[in-house]
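# Structural overview
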Amino acid sequence: MSKKIIIGNWKMNPLSPKQAENLFRSILKAIPYKLKANVIICPPAIYLGFLKTKNYKLKVNLGAQDAFYEESGAYTGEISAEMLYYIGARYVILGHSERRSPPSAPSGGGEGESNLIINKKVRASLSAGLVPILCVGEKERDESHQYLNFIKKQIEECLKGVIKSSVSKIIIAYEPIWAIGKNAQRAAVPKEFLEMSIFIKKVLSDKFGAKAVEKTKIIYGGSVNPKNTADFLMEGETDGFLVGRDSLDPKKFREIIKICEA
Ligand code: PGA
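Here the structure is a predicted model, which is why all the values come from computation and not from measurement. (Residues numbered from 1 in each chain as written. Predicted model: local features only at pLDDT ≥ 70, side-chain atom pairs only at ≥ 80, totals over all residues. Heavy atoms only, no water.)

### Considering the packing of aromatic side chains
Basically, it comes down to this: Side-chain rings of Phe, Tyr and Trp (the six-membered ring for Trp) are treated as a pair once their centres are within 6.5 Å; stacked means planes under 30 degrees apart, edge-to-face means over 60, and tilted covers the remaining angles. Relative accessibility thresholds used throughout: buried, under 20% of the residue-type maximum; exposed, over 50%; partly exposed, between the two (1.4 Å probe, protein chains only).
On inspection of all chains with the given rule, the structure shows eight aromatic pairs. Each ring, one from F232 and one from F241, has its centre 6.4 Å from the other, and the planes form 90°; the classification is edge-to-face. Taken as a pair, F232 and F241 share a single burial class, namely buried. Connected via pairs of aromatic rings, a cluster forms that spans Y174, F193, Y220, F232 and F241.

### A short note on the pairing of strand 5 (residues 131-136)
Quick reminder of the rule: Helix and strand labels come from DSSP, where a helix needs a run of H or I of at least four residues and a strand needs a run of E of at least two; each type is numbered from the N terminus. At least two DSSP bridges between two strands are required for those strands to pair.
Of all six residues in strand 5, six are buried, a share of seventy percent or more. One ladder, built from four bridges, connects strand 4 (residues 91-94) with strand 5; its direction is parallel. Bridge assignment links L94 to a residue of strand 5, and that residue is L134. Where strand 5 meets strand 6 (residues 171-174), four bridges bridge the pair, whose relative direction is parallel. Each residue of the ladder has a partner; that of V136, found in strand 6, is Y174.

### So, the site of the ligand
Note the cut-off: We call a residue near a molecule or strand when any one of its heavy atoms sits within 4 Å of it. Polar contact is defined as a pair of N or O atoms within 3.5 Å, subject to the rule that within protein one atom must be able to donate a hydrogen and the other to accept it, and that residues adjacent in sequence are counted only when both atoms are side-chain atoms. Residue exposure ignores everything except the shown protein chains as possible cover, and the areas themselves are Shrake-Rupley values with a 1.4 Å probe. Each residue is assigned to one of three groups, with Ala, Val, Leu, Ile, Met, Phe, Trp, Tyr, Cys and Pro labelled nonpolar, Asp, Glu, Lys and Arg labelled charged, and all others, Gly among them, labelled polar.
Taken together, N9, K11, H96, E175, A179, I180, G181, G222, S223, L242, G244 and R245 make up the full set of residues adjacent to the ligand. In this structure, an oxygen atom belonging to the ligand sits 2.7 Å away from a side-chain N or O atom of H96. Measuring from an oxygen atom of the ligand, one finds a backbone N or O atom of G244 at 2.9 Å. About the coverage of the ligand: the protein hides 99% of its 280 Å² of free accessible area. The residue makeup of the shell around the ligand, split by class, is three nonpolar, six polar and three charged.

### Overview of the nonpolar core
For the record, the criterion: Here the nonpolar core consists of buried residues drawn from Ala, Val, Leu, Ile, Met, Phe, Trp, Tyr and Cys, with membership extended through side-chain atoms lying within 4.5 Å. The contact criterion used throughout is that any non-hydrogen atoms of two residues lie within 4.5 Å.
If you look at the biggest cluster of nonpolar residues, it comprises 63 residues, and the most contacted ones within it are L159 and I200. No other element matches the six residues that helix 8 (residues 190-208) contributes to this core. Setting aside chain neighbours within four positions, we find L159 in contact with N119, V122, L134, I170, I172, L204, K207 and F208. One finds I7, C42, Y91 and C135 within the second-largest nonpolar core, a separate group that totals 13 residues.

### A look at the sheet that holds strand 1 (residues 5-9)
Stated precisely, the cut-off is as follows: Convention adopted: a line fitted to C-alpha atoms gives each axis, helices being fitted over their contacting stretch, and angles between N-to-C directions are expressed from 0 to 180 degrees.
Strands sit in the order 1-2-3-4-5-6-7-8 around a closed barrel of eight strands; the barrel is parallel. Along the sheet, successive strands turn relative to each other by an average axial angle of 25°, direction set aside.

### Focus: the environment of I163
Relative to the helices and strands, I163 is located in the loop between helix 6 (146-158) and helix 7 (164-167). As a C-alpha pair, I163 and F208 span 45 residues in sequence and 8.4 Å in three-dimensional space.

### Some points on the state of the cysteines
For clarity, the threshold we go by: The rule for a disulfide is simple: a pair of cysteine sulfur atoms within 2.5 Å.
Within the structure shown, the criterion is met by zero disulfides. Free cysteine: C42, not disulfide-bonded; nearest cysteine sulfur from C135 at 9.4 Å. Sulfur of C158: no disulfide; nearest cysteine sulfur belongs to C135 and is 9.9 Å away. On the basis of relative accessible area, C158 is assigned to the buried category, the value being 0%.

### Side note on a positive patch on the surface
For the record, the criterion: Any residue with relative accessible area above 30% and no salt bridge may belong to a patch, with like charges joined within 9 Å and the nonpolar Val, Leu, Ile, Met, Phe, Trp and Tyr side chains within 5 Å. A carboxyl oxygen of Asp or Glu within 4 Å of a side-chain nitrogen of Lys or Arg is what we treat as a salt bridge. Here Asp and Glu are counted as negative and Lys and Arg as positive; His is not counted, and neither are the chain ends. Taken as the charge centre is NZ of Lys, CZ of Arg, CG of Asp or CD of Glu, depending on the residue.
There is a patch of like positive charges on the surface, built from K120, R123, K160 and K207. Relative accessible area serves as the criterion here: at 55%, K160 is assigned to the exposed category.

### A word on helix 6
Because the α-helix completes a turn every 3.6 residues, residues three or four places apart line up on one side. As a reminder of what qualifies: Expected helix span is given by 1.5 Å per residue-to-residue step, counting one fewer step than there are residues. To be clear, the arc concerns the directions from the helix axis to the C-beta atoms.
Taking 1.5 Å of rise per residue, the 13 residues of helix 6 would be expected to cover 18 Å, and the 18 Å separating its terminal C-alpha atoms lies within 8% of that figure. Within the span of helix 6, buried status applies to Y147, I151, Q154, I155 and C158. Viewed end-on, helix 6 has its buried residues packed into an arc of 90°, placing them on one side of the element. Packing partners of the buried residues in helix 6 comprise helix 4 (97-100), helix 5 (115-128), strand 5, strand 6 and helix 8.

Laid out in structure tokens, this is it:
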């Protein structure tokens, strides 16, 4: 069985470096020395540098929550994929729904990023040596299954121009918007995820060929908690999880990791 991937998306938390250090320490303390899973912590970018120095036993990997597509230059406020690599990130979340959706959308004040922008970020991240964690997900499900076309378009447009040999490195996180955050209607059920991950694999193999996408990991995100982890692993056959709220609670996060390791 391949290594499960557990990603903690801290979003815009916690408030101070001290709190970030404490949270990071508690997570490191709570997880076993010889981890069988691949745990990736994605804090706000300003904490990456100093958390790297606290990751002395290299138990976890560090990731960013976004990356800009140009290497350097006159882009006020942006952080490039190369800069993130130099500071210690090895993964990067791209296309999270909180960045895709316009500020007025109920899923939160994002920047309204398009597939085109995300595609540039995917390609720039790959060339900087970062592993993209590409988020896809529909806002709602309709009976005529139009949402499947929506997901297909997200994948095709976000991965345009990516070379075949890079596709196995990319992690696809299926995060239905209706299942994310404290306003979530509900978490998806494992069967919904399984169907979607089969669909995503099909879209990927139609685009890149079955061989090239054999190793591409597809993970689930949206209200992941210690209670639904086992079901998503067994019935949903997920390769791992993208965890929001419960990654800020060391006890719950550890519980999720423990279940993945078992
Ligand atoms: P959640 O967030 O686990 O709090 O639902 C998941 C995400 O947005 O990545």
